[in-house]
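Chain by chain, the residues:
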Amino acid sequence: YMNCKDYAKSLRAFVECVSIDETQGEAWGNIASCYMHEKKMKEAFSTLEQAVKYSESSWMLWANLIKVSLLVKKFYKYFEAIERIVKLGHQEIITE
């Protein structure tokens, strides 16, 4: 559904996935992606927090959290995400 840009169906599928196993960080990240495409940044922020909780080593999730944190003015999380990106060895993302 994501490839077809049907974000409503994608959202339902990934919500079902995390209802079965809430530790699926990538599924949380996909939920956040659906919200980002729908311009629902507060929802994207909270689901990205869940995503990085379960997939701490995913630099892509942390990079998305940097973007969304700025948009929702959660600066504490913005700086935490930058720190995590640097620790993961992907500081080039910060300069983009």
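Residues numbered from 1 in each chain as written. Predicted model: local features only at pLDDT ≥ 70, side-chain atom pairs only at ≥ 80, totals over all residues. Heavy atoms only, no water.

### Things to note about the packing of helix H2 (residues 25-37) against helix H3 (residues 41-54)
In a pair of packed helices, the angle between the axes and the distance between the axes together describe the arrangement. The condition is simple: In this analysis, axes come from line fits to C-alpha atoms, helices being fitted only over the stretch in contact, and the angle between any two N-to-C directions falls in the range 0 to 180 degrees. Helix and strand definitions here come from DSSP, where helices need a minimum of 4 consecutive H or I residues and strands a minimum of 2 consecutive E residues; each element is numbered from the N-terminal end. Should an angle fall under 35 degrees it is taken as roughly parallel, and over 145 as roughly antiparallel, whereas 65 to 115 is taken as roughly perpendicular and any remaining angle as oblique. Take the far helix as your reference; a near helix turned counterclockwise from it by less than a right angle gives a left-handed crossing, and one turned clockwise gives a right-handed crossing. Residues are treated as being in contact if the distance between any of their heavy atoms lies within 4.5 Å. Classification convention: Asp, Glu, Lys, Arg as charged; Ala, Val, Leu, Ile, Met, Phe, Trp, Tyr, Cys, Pro as nonpolar; all other residues, Gly among them, as polar.
With their axes 8 Å apart at the nearest point, H2 and H3 run at an angle of 165° to one another. In terms of orientation, H2 and H3 fall into the roughly antiparallel class. Seen from above, H2 lies across H3 with left-handed handedness. For the pair H2 and H3, the contacting residues are Gly 25, Trp 28, Gly 29, Ile 31, Ala 32, Tyr 35 and Met 36 in the first and Met 41, Glu 43, Ala 44, Thr 47, Leu 48, Gln 50, Ala 51 and Tyr 54 in the second. Across the contact of H2 with H3, the residue classes break down as ten nonpolar, four polar and one charged.

### Thoughts on the packing of aromatic side chains
This is how the line gets drawn: A pair of Phe, Tyr and Trp rings is counted when the ring centres sit within 6.5 Å of each other, with Trp represented by its six-membered ring. The angle between the planes then sorts it: under 30 degrees is stacked, over 60 is edge-to-face, the rest tilted. Between buried and exposed lies partly exposed: a residue is buried under 20% and exposed over 50% of the maximum accessible area for its type, with that area taken using a 1.4 Å probe on protein chains only.
Taken as a whole and judged by the stated rule, the model has one aromatic pair. Between Tyr 78 and Phe 79, the aromatic rings sit 5.1 Å apart at their centres with planes inclined by 75°, giving edge-to-face as the arrangement. In this structure Tyr 78 comes out as buried when scored by relative accessible area, which is 19%. Exposure remark for Phe 79: the relative accessible area of 55% places this residue in the exposed category.

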